[in-house]
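Letter by letter, the chains look like this.
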Amino acid sequence: MFSKTFLVLILSTFLVAVISCAPQMAIIDRTAMDKILWPGTPEKPKIKYKWSLSIVSGSKDDSTYDVLFGKRDDFTDPRTSNRLLRPYSIFVDETPKIFISDPGASRVTVIDLDTNEAFHITAADETEFLFPIGVVAYGGRIFVSDSVLNKVFILDERGKMIGNFRGYFGRPTSLAVDSERGIIYVSDTLAHKIHKYTPDGENIGSIGINGSGEGEFSFPTHIWVDSKGVLYVTDSMNFRVQMFSPEGNFVGMFGSHGDSYADLDKIKGIAVDSDENIYVVDSIHDVIKVFDRTGRLLLFFGKNGKNYGEFSLPSGIFIDAKNNIYVGDTYNSRVQVFKYIEDN
């Protein structure tokens, strides 16, 4: 008579094989679309909730593995999970495809937002990802930083390895792309620098040293490049945001450590909308803070929780050309999407 453990092993192996051969489909949850607004009445809303994504394979209501065993992730390699586990950074290209780094599943998930078809990238050739954090796409290539492997990989559009960035990293984290100038930026958190690379992986300079002065960093994490080529850096342990010209010159900063709503205590992702409003993820308070270019707090949205529009230790943020705002709601294991309502 077979033991329960043996049967579970056989069935789980069979189902992983079946699921790996089946088409991968993302499930978009639009249940609360356009129903949640910030700020609330009677003020004019500026941000609205659109949709969320947590399931990346199978059916929303029924997965064979879930029916048999309950939570699929308890029995399989996280890389084969049919859900996002710890989504971190997000990038959306013009096609549109969404690229999601998921260090909890040691993979990058790519989803076509027109068809919802999805696939996972778990390795760069023979090198399996351990903790992929940063991801961007440019020129038909995908760039992935793995902070444990201390590498930035160059992949083709289906995830096949082309090469990697040359040079030593202390801990590569966030990536950003200046598409006008063909520059890939790498935040090197432990080296307290931001590196500049060509899409072929050649280093063409760096910004910053360790310190608290203008143009100096203390554990920089997330980065963003706006439409004018301005680089924004979340200078985490200096509790501020710094901005640099395309040439790497310091142009401004804002933020401080404290107890007011405008302070930046545990900042992660950063992005800028078409009206040059600056969005900063405050992960410890589970909110997204929106500032103008002078650093004046305009509003914030979200709060701690699991419902639509709520967060649990959010990380990355991305804003596309249509002012859709994508947030890696990391410990709720999902990506939530919002919309900036432009002034008429």
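Residues numbered from 1 in each chain as written. Predicted model: local features only at pLDDT ≥ 70, side-chain atom pairs only at ≥ 80, totals over all residues. Heavy atoms only, no water.

> What's the story with the packing of aromatic side chains in this structure? I'm lost.
Each aromatic ring pair is described using two quantities: the centre-to-centre distance and the angle formed by the ring planes. On inspection of all chains with the given rule, the structure shows 19 aromatic pairs. Seen in terms of ring centroids, F129 and F153 are 5.7 Å apart; in terms of plane orientation they differ by 50°. Their pairing is tilted. In this pair, F129 sits in the loop between β9 (127-128) and β10 (132-138) while F153 sits in strand β12 (residues 151-156), placing the two residues 24 residues apart along the sequence. For the pair shown, F129 and F153 are each scored as buried. (Phe/Tyr/Trp six-rings, centres within 6.5 Å; stacked < 30°, edge-to-face > 60°. Helix = DSSP H or I, 4+ residues; strand = E, 2+ residues; numbered from the N terminus. Buried < 20%, exposed > 50% of the residue type's maximum accessible area, 1.4 Å probe, protein only.)

> What's the story with the environment of L297 in this structure? I'm lost.
By secondary structure assignment, the location of L297 is in strand β25 (residues 297-301). Along the chain, L297 and I278 lie 19 residues apart, while their C-alpha atoms are 9.4 Å from each other. Ignoring any residue separated from it by four or fewer positions in sequence, one finds L297 in contact with Y261, A262, K289, V290 and F291. (Contact = heavy atoms within 4.5 Å.)

> What's the story with the sheet that holds β25 in this structure? I'm lost.
The strands making up a sheet associate through backbone hydrogen bonding, with each pair oriented either parallel or antiparallel. Strand order in the open sheet made by the four strands is β22-β23-β24-β25, with antiparallel pairing throughout. Strand pairing shows two members of the sheet lacking a second neighbour, β22 (267-272) and β25, which therefore form its edges. Strand after strand, the sheet turns through a mean of 20° between neighbouring axes, direction not considered. Summarising the sheet, β22 and strand β23 (residues 278-282) pair through four bridges and their orientation is antiparallel. By the bridge assignment, V272 is partnered in β23 with I278. (Pairing = 2+ DSSP bridges. Axes fitted to C-alpha atoms, helices over the stretch in contact; angles between N-to-C directions.)

> What is the right way to look at the sheet that holds strand β18 (residues 220-225) in this model?
One open sheet accounts for four strands, arranged β18-β19-β20-β21; its pairing is antiparallel. For this open sheet the edge positions go to β18 and β21 (250-254), each flanked by a neighbour on one side alone. Averaged over all neighbouring strand pairs, the angle between strand axes comes to 20°, with direction disregarded. Here four bridges tie strand β20 (residues 240-244) to β21, and the two strands are oriented antiparallel to one another. In the sheet register, V241 faces β21, and the bridge partner there is F254.

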